[in-house]
Each structure stands twice: as C-alpha cells, then as structure tokens.
Amino acid sequence: MPPKKPSRPRKESKPKPRRAKKSPRPQNPGQAFAKLAAVMARLRAPGGCPWDREQTHSTLRTYLIEEAYEVLDALDSRDDSKFAEELGDLLLQVLFHAQIAAEQRRFSINDVIREIHDKMIRRHPHVFGNVKAKTSAEVLRNWELLKKQERQSKSEVAPASSRQAKSAPTRHSDSEGGSLLDGVPHTIPALLEAFQLTRKAARIGFDWDNVEGIFDKLLEESTELREVLRKKESPDRIESELGDILFVAVNLSRFLNVDPEIALHKASAKFTRRFHEMEKIAREQGTTLAEIPRPQLESLWDQSKQGELSQDSAK
C-alpha cells in the first residue's frame, strides 16, 4: 500500500449527492471484516507488500490523522460513495495497527473489538442496565462519571510501570481519585484539546447558562488584552491573554454545537477561495496584489466576497 499521490485541486462547485454502490444482497459484516483482516495479514506476511511490511506504529501516525481528515472532507462532499471509501481507508488503519500488535503478540483485532463492545455495554447502563437517562445531557453526564470510575479501577489494579507508561501522553491529575479532565491527549491540536476539556467540564454542569455570558466573557478578555498591549507588557503576558480569548472562542463554538477545528478549517478554505479570486481580478487588470495599494486590496476583497455570496444565493 504505497503512499497516496497528491490529490487534484478540488472544484469549487458542490457535487450532487452520489450514493455508494449497493451490494447485490446483504452481506454478513463479520464475513466481510474477516476477509479484510485476512488481506491485511497477507500484506504484512513474508512475501507480501514490501512497503506494508516496513511500517510501524510510529510511521503510520501521519496516515491515521490524514485518513480521519479525509473522512470529514468526504462527509462534507455529500458523496456517499466517497464517504464509504474514506471510512474504509480509516478502518484499514485500525486493522494495520492491530495486525502489527498481533505480530508482536501484544493484542489482536479481536481484542480491539471486544474492548469497544464491552465499553459500549458499560457506558450505556440506561440501555443495557437499570439506570434511567431521559435526556442526552444525562447520558453524557453518566458517560463522564463512568469513564472516571473506569480509570480509577484500572489505576488500582495495574502495575506502577504500566500506569506510568499509559498516562504519559494524556492529561494527568494529581488530585485524589483523579479528575474528570483526565484522558485528554496532549498530542491533539490545541483547539481540539480546549474543546474536549470544556466539553468534559460542561457534562457535569460546569457551563454557561446562556450564550450571552460567553459573549460577555469574550469582551472581557478582549478588554484585558487591549490593556496589556497599552501597558506594553511582556510577550508572555500578551500570549497568555490572547490564549484566554482563543479558549473562550472554543467555549463559544462548543456551546453552539460547532466543532472549532472544522469551523476554522472551513474559514481558512473560504479565505483561500476569496484570496484566489482577488489574485484573478488583479491579473485581469494586468497587475499583482503586491503592486496594489492597501485601500484597493480591501476593495478587491469586498468584490471577491460579494461574488461568492452571489454564487451561493444562485444555487
């Protein structure tokens, strides 16, 4: 399985929904999964694919992240066939890591499936047990409490060396009994880290009463940053105050049920489209953006923005 070739530039027009190809008859997912697992094992076996055999957990890290983002991109495309394909690529990464672990006699794909199966049963006592949960908020609150109890149980029975190795890459609390914030990885993007931290806190009721409170906090943090800049305080202080603004912005996105990482990605894509349009207009005028004065750049930006809005309203 060689590295992927660079993808072609995407067209700006939104593709029409396209459904995935349907199988001629329903297939047992267990049989289909077993066939895929067998393919992965064959690729890694002696005489298999040289590239696949060279891979390790470490070398596959980038591909795991890439595949996850490509799944999100396919989801937005409204192309069911592409969506199914990218989900398959992501599933293959899970199988890849499990196969490597199996070869090292650590765990197998069966262990991975059993772990998530048992976890779903434990985490849904309102479905498989006698616990009552009438709303999604109650479900999420119970979920976080159950996660905390599970971490405590594992830390009590695991050897000290195992506990240290397992907790190293994630947020760890020194408080007695652990913390509800435990388990958030340090390796994820900062926006996603802040999102997960505030989401965990909100699930047990530590949250804003309404969105206006977050807007007030955003204004408060902006005022504090202005004051720090006015006093020409240290770069560390400026960094701290700017971080507070970003953290509040993430809180706002969570409160509005918007993933900040995806929202920022889309904002970046929108900026790129409009900037490209500005460059196009400049070329048509026989010049470049670097040669255009700032006031005219603002005018070009407004022109590209209005053009995009007109296209969107026409669809």
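A few points on the structure.

Quick word on a nonpolar patch on the surface
Stage number 1. Taken together, the side chains of Ile65, Tyr69 and Leu72 present a nonpolar region at the surface, about 270 Å² in accessible area.
Stage number 2. For leucine 72, the location among the structural elements is in helix H3 (residues 61-77).
Stage number 3. Given a relative accessible area of 33%, leucine 72 falls into the partly exposed group.

Things to note about the pattern of salt bridges
Stage number 1. Summed over the entire model, instances satisfying the criterion amount to 15 salt bridges.
Stage number 2. In this structure, glutamate 150 engages arginine 122 in a salt bridge whose closest nitrogen and oxygen atoms are separated by 3.1 Å. With glutamate 150 in helix H7 (residues 136-157) and arginine 122 in helix H5 (residues 109-123), this residue pair connects regions lying 28 residues apart in the sequence.
Stage number 3. Looking at glutamate 150, the relative accessible area reads 15%, which means it is buried.
Stage number 4. Where glutamate 220 meets lysine 217, a salt bridge forms, and the shortest distance between an N and an O atom there is 3.2 Å. Of this pair, glutamate 220 and lysine 217 both sit in helix H10 (residues 211-230), three residues apart, roughly one helical turn.
Stage number 5. By relative accessible area, which is 38% here, glutamate 220 ends up partly exposed.

With respect to the packing of helix H1 (residues 29-44) against helix H4 (residues 80-103)
Packed helices, taken two at a time, are described by their axes: the angle between them and the distance between them.
Stage number 1. Relative orientation of the contacting elements H1 and H4 amounts to 55°, with a least axis distance of 10 Å. Taken together, the axes of H1 and H4 lie oblique to each other. Every pair of crossing elements has a handedness; the one defined by H1 and H4 is right-handed. Between H1 and H4, the contacting residues are Phe33, Leu36, Ala37, Met40, Ala41 and Arg44 on the first element and Leu91, Leu92, Leu95, Phe96, Gln99, Ile100 and Glu103 on the second.
Stage number 2. Here the residues of the contact of H1 with H4 sort into ten nonpolar, one polar and two charged.

Rules used in this analysis
Residues numbered from 1 in each chain as written. Predicted model: local features only at pLDDT ≥ 70, side-chain atom pairs only at ≥ 80, totals over all residues. Heavy atoms only, no water. Patch = residues over 30% accessible without salt bridge, like charges linked within 9 Å, V, L, I, M, F, W, Y side chains within 5 Å. Areas by Shrake-Rupley, 256 points an atom, 1.4 Å probe, with all protein chains shown as cover. Salt bridge = Lys/Arg side-chain N within 4 Å of Asp/Glu carboxyl O. Helix = DSSP H or I, 4+ residues; strand = E, 2+ residues; numbered from the N terminus. Buried < 20%, exposed > 50% of the residue type's maximum accessible area, 1.4 Å probe, protein only. Axes fitted to C-alpha atoms, helices over the stretch in contact; angles between N-to-C directions. Parallel < 35°, antiparallel > 145°, perpendicular 65-115°, else oblique. Left-handed = near helix turned anticlockwise from the far one by under 90°. Contact = heavy atoms within 4.5 Å. Nonpolar A, V, L, I, M, F, W, Y, C, P; charged D, E, K, R; others polar.

Taken by themselves, the reported measurements are silent on function.
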